[in-house]
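Notes for the structure review
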Amino acid sequence: MKTRREFIKLAAAGSGALVLGFRIGLGDETGEAGPFAPNAWVRIEPDGSIVIKVGKTEMGQGVRTALPMILAEELNADFQKVKLEQASPGLLFRSLGTGGSTSMMGMWYPMRHAGAAARTMLVAAAAERWSVPPESCRSAGSVVHHPASGRQVAYGDLVADAARQPVPQEPTLKKPAEYTLLGSSIRRMDAPDMVTGQAVYGLDFRLDGMKYAVIARPPVLDSEVESFDDAATKKIPGVLKVAQVTRGVAVIADNTWAALKGRAALKVQWTDSDAAGFNSLDHMTALEKATEAPGVTIRKDGTGRAGMAGAAKRMEAVYHYPFLAHAAIEPVNSTVLVEKGKCEIWSPTQTPNTLQFVASQVLGIPAFEVKVHVLLVGGGFGRRLGFDFDYEAVEVAKEMEGTPVHLVWTREDDMRHGHFQAASAHRMLAGLDASGNLAAFEHRKASTPHNIYRAPTEEQKNDPAAVIGWAWGVYDSPYAFKSAEMTYRAVDAPMPIGPWRAVFSPSSVFARECFIDEVAVATGRDPVELRLDLLGRNDESVPETFVANGDLIERPRMRQVLETLKKNGDLDRKLPKGHALGIAGNAYHTGTYVAYAVEVSLPFNVHKVSCVVDCGLVINPHGVRQQVEGGLIWALSNMKGQTTFKGGRAVQSNYSNFPITAFGETPPEIETFIVDGGADRPNGLGEPTVCPMIPAVANGLSRLTGSRIRSLPV
Amino acid sequence: MSRITLNVNGKSHTLDIAGDMPLLWVLRDILGLTGTKYGCGEGSCGACTVLADGEPVQSCRITVAEAAGNSFTTIEGLAASGLTRCQKAWLEEDVSQCGYCQPGMILESHALLRRKPKPTDQDIDQALAGHLCRCGTYPRIRKAIQIAAGAGSKS
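Residues numbered from 1 in each chain as written. Chains lettered and ligands numbered in written order. Predicted model: local features only at pLDDT ≥ 70, side-chain atom pairs only at ≥ 80, totals over all residues. Heavy atoms only, no water.

1. A look at the pattern of salt bridges
A side chain of one charge can pair with a side chain of the opposite charge when the charged atoms of the two come close. All names here are of chain A. Counted by the stated rule, this structure contains 57 salt bridges over all chains. Between Arg 43 and Glu 45 there is a salt bridge; the shortest N-O distance is 3.0 Å. Take Arg 43: its relative accessible area is 23%, and that puts it in the partly exposed class. Given a relative accessible area of 21%, Glu 45 falls into the partly exposed group. Put simply, Asp 413 and Arg 217 hold a salt bridge, and the shortest N to O gap is 3.5 Å. Pair noted here: Asp 413 is in helix α11 (residues 411–417) and Arg 217 is in the loop between β8 (211–216) and β9 (225–229), with a separation of 196 residues, a long-range link. Overlapping salt bridges, with partners in common, bring together Arg 217, Arg 247, Arg 263, Arg 383, Asp 388, Glu 392 and Asp 413 in one network. (Salt bridge = Lys/Arg side-chain N within 4 Å of Asp/Glu carboxyl O. Buried < 20%, exposed > 50% of the residue type's maximum accessible area, 1.4 Å probe, protein only. Helix = DSSP H or I, 4+ residues; strand = E, 2+ residues; numbered from the N terminus.)

Here's what the structure looks like:
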């Protein structure tokens, strides 16, 4: 039996494959008759079908629409003829991970390159057939034209000849002015299957002879199986097998219900755990205490915290942010077949390449013997960057060699036993000069770093280069201060901590944007004007751009977003009695700039949301609007629910005690303004719209109550 | 085990089955109708909604023994004779993000429009109150229902 310690060691080793790189495998031309496949990403069938490989996991963010659009644009393809195939890890696809809102920027070049290479070869094939220079030909709508002679030929009729053309290494890419597809609103490719129940999510995957499994896991963190009695379980009709696995006891049955009944009948003795004394309330106190002294410095403007000494007036506030589960409606699950030294996995995963490694380690077989299929995800939000459920499914399938096993997590399993977003405390300090100007600033964050892949060493916890990422939203504050110091302190906690929508930044941006609002109120400044000043609007000594932890922050783009909010958001409108506006903004690390003005009333009503977004070059404006709406509604959930721990157990287990935004809580009016900040590439939007919405709402509510909202949930 | 007969999407099924199995798992695991989704198992998310003689019910909250003798429509059966106006409106408004909760939303909305052909936003909020969407597609669902309502009484 593997101990939890070994499991963690394996998880750490597996993280090497999790690096989100942009390396793609470009295959050679096949030269075969039949489809024309100039590279790994696109294939053109003789009937004219354009088959595009999608190398990112679709979990609602729209990659299965936006990525094909990019390739089809360069290919000059008829988008109606595009069909999708989900890429599987292997030699051609060595880095398929999806996370961090990086899909658009990461795939921008590979998709264009793949489409342009195919287009170049198709045009060359037509030119050769007509004995004309390729430069005299044009392509559009999956057809090559020769304007001078009026001849034309469809892509489908060129596949055999195109396959014989040399593969261009540096094909000419189209200029933005030549785009006909990018920038137009295209509806979701998978929508028809979704509204008819035909879409296959992980939990819907079925194979002939497939069995169903659930696992009894320890109620207390870090506890393990001491012994178990399965006599009653084995009497349940449909139960096939009971097996101990790393994290608990698996019950395998003919169907989900039999497995669940079998699990309920299990009697498991769990070992004592040091985590049994863990309570999130005490942890919050420890976090706050950790901010009493500055932590590891991760950014210093001017003279740093020394600047605080000369302040005429000081302000100080502590912000709290809770632990949170992901609560995607589809609980995690995975289907695995282990047979004859091979393994096949069907999973709603965000990290498919890692699964090859995980299964190879569990089974002791080469990674190339592990085939991974990426299924549709019923809400990802970072949960499926964890591979704990796939690891478990491989272990269970190993017990059932030759039989496919579908591991189901119940909602309660999902809420209690997954990884969480870390709780954090933020101590904010401001020093005002005699005229009331913000002269000095401090942001001290304390939280638990990610530990599901590899928990940081003590040395790393004190290394500025290592901790900076955990202070995302702190180090990359777009504001310029005369003197400022940002610090981070790691505080251990026993539960799994890992990716969650917008990762480390929502808590940081909540604290920062709320505290800036506190300063605005205290100094009688308009919250938009104060921010514009802090972005160097009238101060030539403030650099227009800066690089923090490798992220380029462009202040003119942040200013334009706020200026647009001022212009289009009707901020001076007369509000009904009892209503107030809350303002917040953020520069997300991928180069996406967002600002909100939110009209609220007490106790927690959101009447209207105005959002301005600059997410770089826009692929699909319709998709941008969807992500704005979804992100801001997610953020409202962020202000309602939390996960607490008592006696080392996660308390919340289902939507009845972990509430998320409900239908009637949706803002009746949402307006989205997309601005062009001059970027020549697309940036991410799945996460950036979440962060500033939380403080915008909190700022509005605080203006109504007169007392500040400094902890979540509200 | 009990012998139970129920009608799903116009087809009669006789099953030898544990009578306490929730209809949800019967649909998904026994009949292979995976368009009906599992989300919470306690009736708080609405993803498992199906129609029982036209009325929305949460299939995780009724056992197959209770379901015996009744007729159910799942999302797979809704479009048996072409897309309904709700499904069409869902596509027009492009409601879905991850799409997982949408079958339950669509069936509930379908029943709402049967009951109330011209619902107000308040009617919609009330009818859909038991349905959760983690992606935040609620504003588009509201619009889609209004589009469908405008399309007239033909379903």
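After that view, the rundown keeps rolling.
2. Let's talk about the packing of aromatic side chains
According to the stated counting rule, one finds 20 aromatic pairs over all chains in the structure shown. Ring geometry for A:Tyr201 versus B:Tyr100: centroids 5.2 Å apart, planes at 90°, classification edge-to-face. On the criterion of chain membership, the pair formed by A:Tyr201 in the loop between α5 (191–195) and β8 and B:Tyr100 in the loop between α4 (85–93) and α5 (102–115) is interchain, its members lying in two chains. Pairing A:Phe663 with B:Tyr138 gives two aromatic rings, centres 5.0 Å apart and planes at 55°, and the pair type is tilted. In this pair, A:Phe663 is assigned in the loop between β28 (649–650) and β29 (669–674) and B:Tyr138 in helix α7 (residues 138–150), connecting two distinct chains. Judged by relative accessible area, which is 0%, B:Tyr138 ranks as buried. Here the aromatic residues A:Phe278, A:Phe323, A:Phe420 and A:Phe645 are joined through ring pairs into a cluster of three or more. Between the NZ or CZ atom of A:Arg383 and the centre of the ring of A:Trp409, over which it lies, the distance is 5.2 Å. The ring centre of A:Trp634 lies 3.6 Å from the NZ or CZ of B:Arg134, which sits over that ring. (Phe/Tyr/Trp six-rings, centres within 6.5 Å; stacked < 30°, edge-to-face > 60°. Lys NZ or Arg CZ within 6 Å of the ring centre and 35° of its normal.)

3. Comments concerning the sheet that holds strand β7 (residues 151–154) of chain A
All names here are of chain A. One open sheet holds the 3 strands; their spatial order is β5-β6-β7, and the pairing between them is antiparallel. Each of the sheet's edge strands pairs with one partner strand only, and the pair in question is β5 (138–140) and β7. Between one strand axis and the next, the sheet turns through 25° on average, direction left out of account. As defined by bridge partners, strand β6 (residues 143–146) adjoins β7 across 4 bridges and the pair is classed as antiparallel. (Pairing = 2+ DSSP bridges. Axes fitted to C-alpha atoms, helices over the stretch in contact; angles between N-to-C directions.)

4. Quick word on the interface of chain A and chain B
Where interface size is quoted, it is often the accessible area lost as the parts come together. Contacts between the two partners involve 62 residues from chain A, matched on the other side by 50 residues from chain B. Applying the counting criterion to the chain A and chain B interface returns 5 salt bridges. One salt bridge connects B:Arg140 with A:Glu629, and the closest N-O pair in it is separated by 2.7 Å. Inspection of the chain A/chain B interface yields 29 residue pairs in polar contact (both at pLDDT 80 or more). Counting only elements with at least two residues in the side of chain A that touches chain B, the list comes to α5, α7 (256–265), α11 and α17 (621–638) of chain A. With 9 residues, the single largest contributor to the side of chain A that touches chain B is α17(A). (Contact = heavy atoms within 4.5 Å. Polar contact = N/O pair within 3.5 Å; in protein donor to acceptor, adjacent residues only side chain to side chain.)

5. Topic: the domain arrangement of chain B
Residue and element names in this part refer to chain B. Under the domain assignment, chain B is made up of domain 1 (2–78) and domain 2 (85–150). In this structure, domain 1 and domain 2 have C-alpha centres spaced 21 Å apart. Between domain 1 and domain 2, the residue contacts involve 17 residues of the former and 12 residues of the latter. Together domain 1 and domain 2 conceal approximately 1300 Å² of surface at their shared face, both sides included; 64% is due to carbon and sulfur atoms. At the surface where domain 1 touches domain 2, the tally comes to 0 salt bridges. Run the count over domain 1 and domain 2 and you get 4 residue pairs in polar contact (both at pLDDT 80 or more). Among the secondary structure elements, those contributing two or more residues to the side of domain 1 that touches domain 2 are β3 (49–52), β4 (55–58) and α3 (75–78). Class assignment for the residues of the side of domain 1 that touches domain 2 results in 8 nonpolar, 8 polar and 1 charged. (Domains from an automatic or database assignment. Buried area = accessible area lost by both parts, 1.4 Å probe. Nonpolar A, V, L, I, M, F, W, Y, C, P; charged D, E, K, R; others polar.)

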